[in-house]
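These are the residues of each chain, in order.
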Amino acid sequence: MRPDNQNLSSGISVFAAVVDAGTFAAASEVIGMSPPGVSRAIARLEQRLKIRLFNRTTRSVSLTEEGRRFYEQVMPHVRGMEEAAASAAGGAVAVRGKLRVNLDPVTSRVLLGPQLDGFMDAHPDLVLELIAKDHLGDLVTDGFDLALRFGEPRSSSLVARKLLDTAVVTVAAPAYLARYGRPAEPRDLAGGTHKCLEFRNPDTGKPFTWEFHRKRGKLVLDTRGRLMVNDPGALFHACLAGCGIAQMLLLAAEPLIREGQLVNLFPDWADERYPLYAYYPSRHHVPAKTRAFLEFVVALTGR
């Protein structure tokens, strides 16, 4: 390898360590290099690339926009080369290390929870970190390998793989219906006639709009709910306690409907669908740990 190419490769390795560790000092401990050495390696890489990779303060560093793009473009290839080298030396690439997954809270509780033990037993060298967040954020800058999120994907450089569609249902507890009566149709919920539990949209800070879909028909209502939550667990508990009517994903509500703890109020308005997507940085050289977890989720969703 030519010296300039070797220096570039070394600089990229130091760059990756800083991104993963979060600071120059922490990266220096991980890779066994002095903090000034780390700083010089990053400065040389920035000079070579003619871009600034990090915003630096006395307490922290963060990727610049150019640094984030460089990380997204180069790191899948670097990790792929590392795994290819490991494969050549020791057979199939092992599923090991830490895997950080950004999760929708519903996904964590309903989809993954019952099956995680089997996955962890199958991969004893893997450390799995599941972080439930109400928004995707910046997958790369926030240090996530993979994300599982409900909702339609936005335009980005991330790979978005659709895993499933689930219906949106309108439900209430028997205790609520005994006290306030059962609405005969969706329009009965408009104008504050019933107590509707609102769920906060993390992108807007406002409640999600209540929609009802039947074949080609669509009905949008102003429910004027007085209680708004941003956590699916809080929505479930409030609804089960009889505090009001809620809209939620059938994937989560179905067991409770089946057990009689919740009532599906409008089963003939069942055509609104909500998708679940997996997001990851690149289709190329996907790390073995990411592939293994993605295959696990795909098996659960049947896609």
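About the criteria used
- Residues numbered from 1 in each chain as written.
- Predicted model: local features only at pLDDT ≥ 70, side-chain atom pairs only at ≥ 80, totals over all residues.
- Heavy atoms only, no water.
- 1 Å grid on protein atoms, 1.4 Å probe; cavity = no way out; pocket = protein on both sides within 12 Å on 5 of 7 lines; lining within 4 Å.
- Points joined across faces, edges and corners; volume = space filled by probe spheres on them.
- Helix = DSSP H or I, 4+ residues; strand = E, 2+ residues; numbered from the N terminus.
- Nonpolar A, V, L, I, M, F, W, Y, C, P; charged D, E, K, R; others polar.
- Domains from an automatic or database assignment.
- Disulfide = S-S within 2.5 Å.
- Buried < 20%, exposed > 50% of the residue type's maximum accessible area, 1.4 Å probe, protein only.
- Contact = heavy atoms within 4.5 Å.
- Buried area = accessible area lost by both parts, 1.4 Å probe.
- Salt bridge = Lys/Arg side-chain N within 4 Å of Asp/Glu carboxyl O.
- Polar contact = N/O pair within 3.5 Å; in protein donor to acceptor, adjacent residues only side chain to side chain.

## Here we look at the layout of surface pockets
Okay, so step 1: Approximately 1,200 Å³ is the volume found for the largest pocket.
Okay, so step 2: Around the largest pocket, the lining is made up of 47 residues, and of these Phe150, Gly151, Pro202, Phe208 and Tyr274 lie nearest the centre.
Okay, so step 3: For the lining of the largest pocket, the secondary-structure elements that each account for two or more residues are helix H4 (65-90), helix H5 (105-112), strand S5 (146-150), strand S7 (197-199), strand S8 (210-214), helix H8 (232-240), strand S11 (246-249) and strand S13 (273-280).
Okay, so step 4: The class makeup of the residues in the lining of the largest pocket is 22 nonpolar, eleven polar and 14 charged.
Okay, so step 5: Inspection of the lining of the largest pocket shows a minimum of three residues originating in each of domain 2 (97-156 + 279-302) and domain 3 (165-274).

## A short note on empty space enclosed by the protein
Okay, so step 1: Enumeration according to the criterion identifies two cavities of 30 Å³ or more in this entry.
Okay, so step 2: The space that makes up the second largest cavity amounts to roughly 60 Å³.
Okay, so step 3: As for the second largest cavity, its lining consists of Val168, Val169, Thr170, Glu211, Phe212, His213, Gln247, Asn264, Phe266, Trp269, Ala270 and Glu272.
Okay, so step 4: By residue class, the composition of the lining of the second largest cavity is six nonpolar, four polar and two charged.

## Describing the state of the cysteines
Okay, so step 1: Tallying each qualifying case throughout the model produces zero disulfides.
Okay, so step 2: The closest cysteine sulfur to the non-disulfide-bonded Cys239 is located on Cys243, 8.7 Å from its own sulfur.
Okay, so step 3: By relative accessible area, which is 0% here, Cys239 ends up buried.

## Topic: the domain arrangement of the protein chain
Okay, so step 1: Domain annotation of the protein chain identifies domain 1 (5-72), domain 2 (97-156 + 279-302) and domain 3 (165-274).
Okay, so step 2: Centre-to-centre separation of domain 2 and domain 3, based on C-alpha positions: 28 Å.
Okay, so step 3: The partner domain 3 presents eleven residues to the eight residues of domain 2 that form the contact.
Okay, so step 4: Between domain 2 and domain 3 the total buried area reaches about 910 Å² when both faces are included, carbon and sulfur atoms providing 70% of it.
Okay, so step 5: Interface area lost by domain 2 to domain 3 is led by Val106, Asp134 and Phe150, which between them contribute 49%.
Okay, so step 6: Run the count over domain 2 and domain 3 and you get zero salt bridges.
Okay, so step 7: Linking domain 2 with domain 3 are zero residue pairs in polar contact (both at pLDDT 80 or more), by the criterion used here.
Okay, so step 8: The element contributing the most residues to the side of domain 2 that touches domain 3 is H5, with four residues.
Okay, so step 9: Each residue belonging to the side of domain 2 that touches domain 3 can be placed in one class, and the counts come to four nonpolar, one polar and three charged.

## A look at unusual backbone geometry
Okay, so step 1: Located in the positive-phi region is Lys215, a residue other than glycine, with phi close to 55 degrees.
Okay, so step 2: For Lys215, a relative accessible area of 76% gives the class exposed.
Okay, so step 3: We note that Arg224 has phi near 55 degrees; this positive angle belongs to a residue other than glycine.
Okay, so step 4: Here Arg224 is to be found in the loop between strand S9 (217-221) and strand S10 (227-229).
Okay, so step 5: By relative accessible area, which is 56% here, Arg224 ends up exposed.

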